[in-house]
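Architecture and fold: a report
The chain contents come next:
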Amino acid sequence: MEREKQEAVIEAVLFTMGESVSLNKLAELIEDTPAVAKKLIYEMKEKMDASNRGITIIELENSFQMCTKTEMYDVLVKIAKAPRKYTLSDTLLETLSIIAYKQPVTRLDVEKIRGVSCDHAINRLIEFELVKELGRLDAPGRPLLFGTTEQFLRSFGVKSLEELPEINPVQVAEFKEQAEQEIQLSLNI
């Protein structure tokens, strides 16, 4: 397949899918190697970024997605009737960080770390598409396993989980102390 046709195929697939597509799948579609596909995608991204176009290509864990350039967000907000906005409370952020760093993780594991029930928090994170069910643990009761989504990566501006910051041991101690205080408060009620 000629180069121009390969670029057209990649562009059409990324535009149509609206979500990320793996590098291997794109390579298969253009009938070439993943290395060639990646080189083409980077060149396409460079052209888009250099021009005054409203779109770009982002990389998410060895997958690629076509999306709106960040500088266009203000314009999109003006036209959107009800842009989806959600606020992550401290509880949701704590729960999300435990899942992000410990995944795949069960609800019980998250509750052991936080020291309180996490049903509501996990359900909200699933609703916000930041967390998803990854399957079941091969153990008695076959509990659900949870992990983060591509939406999580997009929302926090990282390409992969490896880019998450290191956990500070002092912060871990503070989290445990806060969780213990929450337990005491819930017991006193």
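Everything discussed here concerns the structure shown above.
With that out of the way, let us pick up the sheet that holds strand β5 (residues 131-136). Overall, antiparallel pairing links the three strands, which are arranged β4-β6-β5 in an open sheet. The outermost strands of the open sheet, each flanked by one partner alone, are β4 (105-106) and β5. Where β5 meets strand β6 (residues 144-148), five bridges bridge the pair, whose relative direction is antiparallel. Counterpart to Glu133 in the pairing with β6 is Phe146.

Now for the pairing of strand β2 (residues 55-59). Pairing between β2 and strand β3 (residues 63-68): five bridges, direction antiparallel. Residue Thr56 lies in a different strand from β3, and its bridge partner there is Cys67. Between β2 and β3, which follow one another and run antiparallel, lie three residues, and Glu61 among them has a positive phi close to 45°.

Here Gln65 lies in strand β3. What makes Gln65 buried here is its relative accessible area of 6%. Of the polar contacts made by the side chain of Gln65, one reaches the backbone oxygen of Gly18; its length is 3.3 Å. When sequence neighbours within four positions are dropped, the list of residues in contact with Gln65 reads Leu14, Gly18, Glu19, Ser20, Thr56, Ile57, Ile58, Leu60 and Arg154.

That bond from Gln103 to Pro104 is cis: its omega, -10°, falls within 30 degrees of zero. Phi at Glu61 takes a positive value of approximately 45°, unusual for a residue other than glycine. Tracing the backbone through its elements, the reader meets Glu61 in the loop between β2 and β3. At Arg142, a residue that is not glycine, the phi angle is positive and equals roughly 45°. Positionally, Arg142 belongs in the loop between β5 and β6.

What follows covers the nonpolar core. Judged by nonpolar contacts, the single largest core of 21 residues is most densely connected at Leu88, Leu96, Ile99, Leu125, Leu130 and Phe152. Of all the secondary structure elements, the ones that give two or more residues to this core are α5 (90-102), α7 (119-127) and α8 (150-156). Here the element with the most residues in this core is α5; it accounts for five residues. Excluding residues that lie within four positions of it along the chain, Ile99 makes contacts with Val105, Val110, Ile122, Leu125, Val131, Phe146, Gly147 and Thr148. Core analysis: the next-biggest nonpolar cluster, separate from the first, contains 17 residues, Val9, Ala27, Ile30 and Met44 among them.

We now examine the pattern of salt bridges. The final tally for this structure, using the stated rule, is 13 salt bridges. One salt bridge connects Glu43 with Lys39, and the closest N-O pair in it is separated by 2.9 Å. With Glu43 and Lys39 both in helix α3 (residues 34-50), this residue pair falls four residues apart, about one helical turn. Glu43 gets classed as partly exposed once you look at its relative accessible area, which sits at 22%. For Arg142, the salt bridge goes to Asp138, with nearest N and O atoms at 3.9 Å. Because the salt bridges share partners, they merge into one network encompassing Arg3, Glu7, Lys39, Glu43 and Lys47.

Thresholds, definitions, all that
- Residues numbered from 1 in each chain as written.
- Predicted model: local features only at pLDDT ≥ 70, side-chain atom pairs only at ≥ 80, totals over all residues.
- Heavy atoms only, no water.
- Pairing = 2+ DSSP bridges.
- Helix = DSSP H or I, 4+ residues; strand = E, 2+ residues; numbered from the N terminus.
- Buried < 20%, exposed > 50% of the residue type's maximum accessible area, 1.4 Å probe, protein only.
- Polar contact = N/O pair within 3.5 Å; in protein donor to acceptor, adjacent residues only side chain to side chain.
- Contact = heavy atoms within 4.5 Å.
- Core = buried A, V, L, I, M, F, W, Y, C linked by side-chain atoms within 4.5 Å.
- Salt bridge = Lys/Arg side-chain N within 4 Å of Asp/Glu carboxyl O.

The analysis is restricted to geometry; functional conclusions fall outside its scope.
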